Amino acid sequence: VTDSKNGLAILVDGLKEYELLNDKKKTLAITLLRGFEYIIAPSSKQDYTHKKGSQCLGKSTYKLAVFPHKGNWQEGQVYQEALNFNNSISLVQTGLAKGDLPVELSFLKITPSDLVFSALKKPEEEKENSFILRIYNPTEKDINGRIKFFKKIERVEQVTLEEIYLEDLSIIDENSFNIFLGKKKIGTYNLIF
């Protein structure tokens, strides 16, 4: 909720259902669980209990956070905070290992942070040393971005969601390439290493 100068977001690890009520206080209603037998339609009762997701049966736990911010959701980086809230860092300790990678290494870096990582997977048609990278732009603006890998990239193809070839993209250096992603768009890329 924002007045364009300041805002307040509720970050939720669970159901992402809410409603801003049209009352004097602008009450923000958050759904914690669903449990209903039927909905009254204009002429009859309709039973939805058999529908998947209509009931939240069993034990429920909730994690909520109040996140005040400046400006709208984009200026306040609400999306990034929500992702961080829902994907906490896992720490792993290992023993001494032999290898040639540095102590600190970023596997993949996507800039700017408004672009969001969605998937890195093998292509539907198995190709050796090939991976599909999917990112998206949730913002209201077109974004020029850069993708950088720790490993040398031989070729980058922009493809459709169905992984149909569209065009080759230029590699900037051996590890990175630039992209243009329109507002509210998904970008899919076939990377050959």
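Coordinates for the structure precede this section.
Read on for a plain summary of the structure. (Residues numbered from 1 in each chain as written. Predicted model: local features only at pLDDT ≥ 70, side-chain atom pairs only at ≥ 80, totals over all residues. Heavy atoms only, no water.)

Within the protein chain, the secondary structure is distributed over one helix and 15 strands. Out of the 193 residues belonging to the protein chain, those deemed buried represent 27%. Nonlocal contacts in the protein chain, meaning residues at least 24 apart in sequence, comprise 59% of its contacts between residues at least 6 apart. Approximately 14,300 Å² of the protein chain is accessible, and the part contributed by carbon and sulfur atoms is 53%. (Helix = DSSP H or I, 4+ residues; strand = E, 2+ residues; numbered from the N terminus. Buried < 20%, exposed > 50% of the residue type's maximum accessible area, 1.4 Å probe, protein only. Contact = heavy atoms within 4.5 Å. Areas by Shrake-Rupley, 256 points an atom, 1.4 Å probe, with all protein chains shown as cover.)

Reported here for the largest pocket is a volume of approximately 730 Å³. Every residue lining the largest pocket is counted, 22 residues in all, and those nearest its centre are Ala9, Ile10, Leu11, Tyr18 and Val78. Contributing elements (two or more residues each) for the lining of the largest pocket: β1 (6–13), β2 (18–20), β3 (28–30) and α1 (78–86). A class-by-class count of the residues in the lining of the largest pocket yields 16 nonpolar, four polar and two charged. For the second largest pocket, the calculated volume is near 460 Å³. In this structure, the second largest pocket is lined by Gln80, Leu83, Asn84, Asn87, Ile89, Ile110, Ser113, Leu115, Val116 and Phe117. Counting residues per element, the ones that place at least two in the lining of the second largest pocket are α1 and β8 (116–121). Ranked by residues supplied to the lining of the second largest pocket, first place goes to α1 with three residues. (1 Å grid on protein atoms, 1.4 Å probe; cavity = no way out; pocket = protein on both sides within 12 Å on 5 of 7 lines; lining within 4 Å. Points joined across faces, edges and corners; volume = space filled by probe spheres on them. Nonpolar A, V, L, I, M, F, W, Y, C, P; charged D, E, K, R; others polar.)

Per the counting criterion, the structure on display carries one cavity of 30 Å³ or more. In this structure, the largest cavity encloses a volume near 50 Å³. If you trace the largest cavity, you find it lined by Trp73, Gln74, Gln77, Tyr79, Gln80, Ser113, Asp114, Val116, Pro138 and Thr139. Here the residues of the lining of the largest cavity are counted per class, giving four nonpolar, five polar and one charged.

Our focus in this paragraph is a nonpolar patch on the surface. Nonpolar side chains collect at one region of the surface, where Tyr18, Ile30, Leu32, Leu33, Tyr62 and Leu64 lie side by side and expose about 590 Å² of accessible area between them. As for its position among the elements, Leu32 is in the loop between β3 and β4 (38–40). Judged by relative accessible area, which is 39%, Leu32 ranks as partly exposed. (Patch = residues over 30% accessible without salt bridge, like charges linked within 9 Å, V, L, I, M, F, W, Y side chains within 5 Å. Salt bridge = Lys/Arg side-chain N within 4 Å of Asp/Glu carboxyl O.)

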